[in-house]
Amino acid sequence: MVTPKLFLTTWLLLCSVLGGAVATAVADDAAQKQVRRQAEQPLNNAPVWRAVRYGAEHSTQATGREAGVLIQSAGETWRQIRNGPITLYGGLLLILVPISIGLFYQWKGPLKLNGHPTGRLVQRFSYWERLIHWSVAITFVILAVTGILMLFGRYVLIPLIGHGGFAWFAQISKNVHNLVGPLFIAAVACMFVMFVRDNVWHSIDWQWLKKAPQVLSGKTHVPSGKYNAAEKGWFWGGVALLGLVVGISGLILDFPNFEQTRATMQVAHVVHGVGALIFVAASLGHIYMGTIGTEGAYAGMRTGYVDETWAKEHHELWFKEVNS
Ligand code: HEM
């Protein structure tokens with residue numbers, strides 16, 4: 001008697017035998033076609049290369065991840081994105097932002113104090129806050145310069161110093177970038193922990209934000225805590241968010257020993273490139289406000305002390321707090 005179990009087993013057996021036969025026939029057919037092609041069109045291996053071109057995994061003696069994938073076509077897409085929109089729009093951003101800052105400076109000039117400095121100083125940053133800030137700032141500038149060199153160097157340097165010269169620069173930049181990257185991440189992590197307390201958002205920050213154009217051109221005054229809404233935006237949008245984006249994608253690129261595939265590295269590279277270009281462009285605004293854009297600001301991060309009048313005019317609520 002044919003039991004359901006017997007029927008099923010027989011059926012499955014039949015299917016696998018049939019399936020195997022079909023697969024072998026197809027493979028045989030492909031192999032025969034290839035042999036015929038070699039005879040008719042020696043060295044024309046188009047079908048093989050078509051299969052290879054579309055990323056089919058084949059057997060190989062080589063070991064390691066994706067060893068069987070000779071050509072990964074997403075690589076071409078990545079190359080076009082890197083040399084296309086990232087280079088074009090990133091380049092435009094890094095040209096237009098400094099030009100706009102320069103025009104704003106010509107139009108409005110620096111943010112000057114209304115009152116006269118009293119000569120009495122208030123401590124604004126501790127030794128450790130300044131040490132962390134400048135560790136972040138210096139590693140950031142090194143990463144920005146070497147990153148820009150690696151991305152745009154070929155267009156600017158090759159015409160000037162030739163391929164050999166550029167190759168030397170690119171190699172040095174890559175090694176310096178890979179070494180300094182983890183240092184920047186460590187410094188940013190310390191900065192986050194050290195500065196987060198004074199960057200908590202308060203209702204007064206919304207008022208500041210609403211009147212930002214008038215405040216930044218010195219037309220009106222809105223009291224703020226230790227950091228105003230613009231600085232808090234730089235802290236959360238720049239230090240925290242973009243710091244995370246370029247940090248994590250940078251570590252994936254810097255330490256390719258965790259079985260990352262080419263696709264993972266390509267995505268990490270695009271995220272890293274776009275994140276870093278926005279970070280550098282945004283930092284130019286911060287650097288402008290921290291140097292020529294605001295009279296007296298730079299002294300605060302260089303010496304740790306600001307004049308009383310500066311503290312009152314720019315960070316009134318903080319000044320009241322430290323004096324209470
Ligand atoms: C050459 C580059 C830089 C210069 C000249 C500079 C200058 C300054 C100055 C003068 C201040 C004090 C502003 C105040 O008293 O309110 C400051 C604060 C600060 N800077 Fe920089 N800076 C630079 C780069 C950076 C970079 C690359 C980062 C982060 C990626 C950064 C993050 C901060 C933060 C978080 C603060 C405190 C304000 C806040 O927490 O909101 N700085 N900087």
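What counts and what doesn't
- Sequence order sets the numbering: in each chain, residues are counted from 1 along the sequence as written.
- Local features in this predicted model are restricted to residues of pLDDT 70 or higher, and side-chain atom pairs are both shown and tallied only at a pLDDT of 80 or more, whereas totals for entire chains, interfaces and linings draw on every residue.
- Calculated side-chain values reflect all of the structure's heavy atoms, with hydrogen atoms and water omitted.
- Elements are defined by DSSP. Helices are runs of H or I of four residues or more, strands are runs of E of two residues or more, and each kind is numbered from the N terminus.
- Each residue is placed in one exposure class: buried if its accessible area under a 1.4 Å probe, protein chains only, is under 20% of its type's maximum, exposed if it is over 50%, and partly exposed if it falls in between.
- In this description, contact between two residues means that some pair of their heavy atoms is separated by no more than 4.5 Å.
- In these tables, accessible area is a Shrake-Rupley quantity obtained with a 1.4 Å probe, and a residue counts as shielded only by the protein chains included in the view.
- In this tally Asp and Glu are treated as negative and Lys and Arg as positive; neither His nor the chain ends contributes.
- Note that the charge is assigned to NZ on lysines, CZ on arginines, CG on aspartates and CD on glutamates.
- The donor set covers N, O and S atoms within 2.8 Å of the metal, switching to 3.2 Å for Na, K and Ca, and it leaves out water, so a site may look short of donors.
- Irregular is the label for any site that misses the other tests, which are tetrahedral for four donors with all angles between 85 and 135 degrees, and square planar for four donors or octahedral for six when opposite donors exceed 155 degrees and the remaining angles lie between 65 and 115.
- Stacked, tilted and edge-to-face are the three classes assigned to paired rings of Phe, Tyr and Trp, where Trp is represented by its six-membered ring and a pair needs centres within 6.5 Å; plane angles under 30 degrees give stacked, over 60 edge-to-face, the rest tilted.
- The criterion is that NZ of a Lys, or CZ of an Arg, lies within 6 Å of the ring centre and within 35 degrees of the ring normal, and then a charge sits over that ring.
- Any carboxyl oxygen of Asp or Glu that lies within 4 Å of a side-chain nitrogen of Lys or Arg is treated as forming a salt bridge with it.
- Patch membership is restricted to residues that have no salt bridge and whose relative accessible area is over 30%. Joining uses 9 Å for like charges and 5 Å for the nonpolar side chains Val, Leu, Ile, Met, Phe, Trp and Tyr.
- Comment: axis = line fitted to C-alpha atoms, over the contacting stretch for helices; angle = value between 0 and 180 degrees taken between N-to-C directions.
- Angles are sorted into four bins: roughly parallel if under 35 degrees, roughly antiparallel if over 145, roughly perpendicular if 65 to 115, and oblique for all others.
- Residues are grouped as follows: nonpolar covers Ala, Val, Leu, Ile, Met, Phe, Trp, Tyr, Cys and Pro; charged covers Asp, Glu, Lys and Arg; every other residue, Gly included, is treated as polar.
- Residues are labelled near a given molecule or strand when at least one of their non-hydrogen atoms is within 4 Å of it.
- Side-chain atoms alone can form a polar contact between residues adjacent in sequence; in general such a contact is a pair of N or O atoms within 3.5 Å, and within protein one must be able to donate a hydrogen while the other accepts it.
- We call a set of buried Ala, Val, Leu, Ile, Met, Phe, Trp, Tyr and Cys residues a nonpolar core when their side-chain atoms join them within 4.5 Å.
- For the purposes of this description, domain bounds are those given by an automatic or database domain assignment.

Engineer: Would you mind going over the overall build of the protein chain in detail, with residue names and values included?
Structural biologist: The secondary structure content of the protein chain amounts to 11 helices and two strands. Along the protein chain, helices and strands appear, N-terminal first, in the series α-α-α-β-α-α-α-α-α-α-β-α-α. Out of the 324 residues in the protein chain, the part that is buried amounts to 31%. Nonlocal contacts in the protein chain, meaning residues at least 24 apart in sequence, comprise 73% of its contacts between residues at least 6 apart. If you sum the accessible surface of the protein chain, you get close to 20,000 Å²; carbon and sulfur atoms cover 70% of it. For the protein chain, the distance from the average position of its 26 positive side-chain charges to the average position of its 18 negative side-chain charges is 4 Å.

Engineer: Please set out the coordination of the iron atom of the ligand residue by residue, giving values where relevant.
Structural biologist: A four-donor tetrahedral metal ideally has 109.5 degree angles, and a six-donor octahedral metal ideally has angles of 90 or 180 degrees. All of the protein donors around the iron atom of the ligand are His133 (NE2) and His286 (NE2); their distances to the metal are 2.0 Å. Bound by six donor atoms, the iron atom of the ligand shows angles of 88 to 179 degrees at the metal and therefore octahedral coordination geometry. One end of the pair, His133, is in helix α4 (residues 127-195); the other, His286, is in helix α8 (residues 262-290), with 153 residues separating them in the sequence. We classify His286 as partly exposed; its relative accessible area is 30%.

Engineer: So what's going on with the packing of aromatic side chains? Which residues, and what values?
Structural biologist: Under the counting rule described, the total for this entry stands at 17 aromatic pairs. Between Phe140 and Phe184, the ring centres sit 5.8 Å apart and the planes meet at 50 degrees, which makes this aromatic pair tilted. Accessibility assignment for this pair places Phe140 and Phe184 in one class, buried. Between Trp168 and Phe169, the ring centres sit 5.6 Å apart and the planes meet at 85 degrees, which makes this aromatic pair edge-to-face. Taking the relative accessible area as the measure of exposure, Phe169 reaches 33% and is therefore partly exposed. Geometry around Trp318 places Arg124 over its ring, the cationic atom sitting 4.7 Å from the centre.

Engineer: Lay out the pattern of salt bridges with the relevant residues and their values.
Structural biologist: According to the stated counting rule, one finds eight salt bridges in the structure shown. Residue Glu259 is joined to Arg65 by a salt bridge in which the shortest nitrogen-to-oxygen separation is 4.0 Å. Residue Glu259 is found in the loop between α7 (229-254) and α8, and its partner Arg65 is found in the loop between α2 (46-53) and α3 (74-108); the two are separated by 194 residues along the sequence. For the salt bridge of Arg79 with Glu76, the shortest nitrogen-to-oxygen distance reads 3.1 Å.

Engineer: Run through a nonpolar patch on the surface, naming residues and quoting values.
Structural biologist: A contiguous nonpolar surface patch, about 850 Å² in accessible area, is contributed by Val2, Leu6, Phe7, Leu8, Trp11, Leu12, Leu14 and Leu18. Along the chain, the position of Leu8 falls in helix α1 (residues 4-40). With a relative accessible area of 49%, Leu8 lands in the partly exposed category.

Engineer: Any chance you could break down the packing of α3 against α8 for me, citing the residues and the numbers?
Structural biologist: Running from amino to carboxyl end, α3 crosses α8 at an angle of 5 degrees, the nearest separation of the two axes being 10 Å. As the angle between them shows, α3 and α8 are arranged roughly parallel. By residue class, the composition of the contact of α3 with α8 is 19 nonpolar, five polar and one charged.

Engineer: I'd love a proper account of the site of the ligand, names of residues and values included.
Structural biologist: In the neighbourhood of the ligand, 26 residues make up the surrounding shell, with Arg124, His133, Asn199, Glu231 and His286 lying closest. Contact distances for the ligand include 2.7 Å between an oxygen atom and a side-chain N or O atom of Arg124. If you list the elements that add at least two residues to the shell around the ligand, you get α4, α7, α8 and α9 (297-303). Counting residues per element, the shell around the ligand draws most heavily on α4, at seven residues. Classifying every residue of the shell around the ligand by side-chain character gives 17 nonpolar, six polar and three charged.

Engineer: Residues and numbers for the nonpolar core, please.
Structural biologist: Counting residues in hydrophobic clusters, the biggest one holds 30 residues, and the most contacted among them are Val136, Phe184 and Phe279. Those elements giving two or more residues to this core turn out to be α3, α4, α7 and α8. Among the elements that make up this core, the one with the highest residue count is α4 (13 residues). In this structure, Phe279 is in contact with Phe140, Phe184, Trp234, Gly238, Val239, Leu242, Gly243 and Val246, ignoring residues within four places of it in sequence. Ranked by size, the runner-up nonpolar core spans eight residues in total, among them Val306, Trp310, Ala311 and Phe319.

Engineer: Describe the domain arrangement of the protein chain, naming the residues involved and giving the relevant values.
Structural biologist: Domain boundaries assigned for the protein chain yield domain 1 (18-71) and domain 2 (74-322). Each of domain 1 and domain 2 has a C-alpha centre, and the two are 51 Å apart. With four residues of domain 1 at the contact, the number on the domain 2 side is five residues. There are two salt bridges connecting domain 1 and domain 2. Residue Glu66 pairs with Arg262 through a salt bridge whose shortest N-O separation is 3.4 Å.

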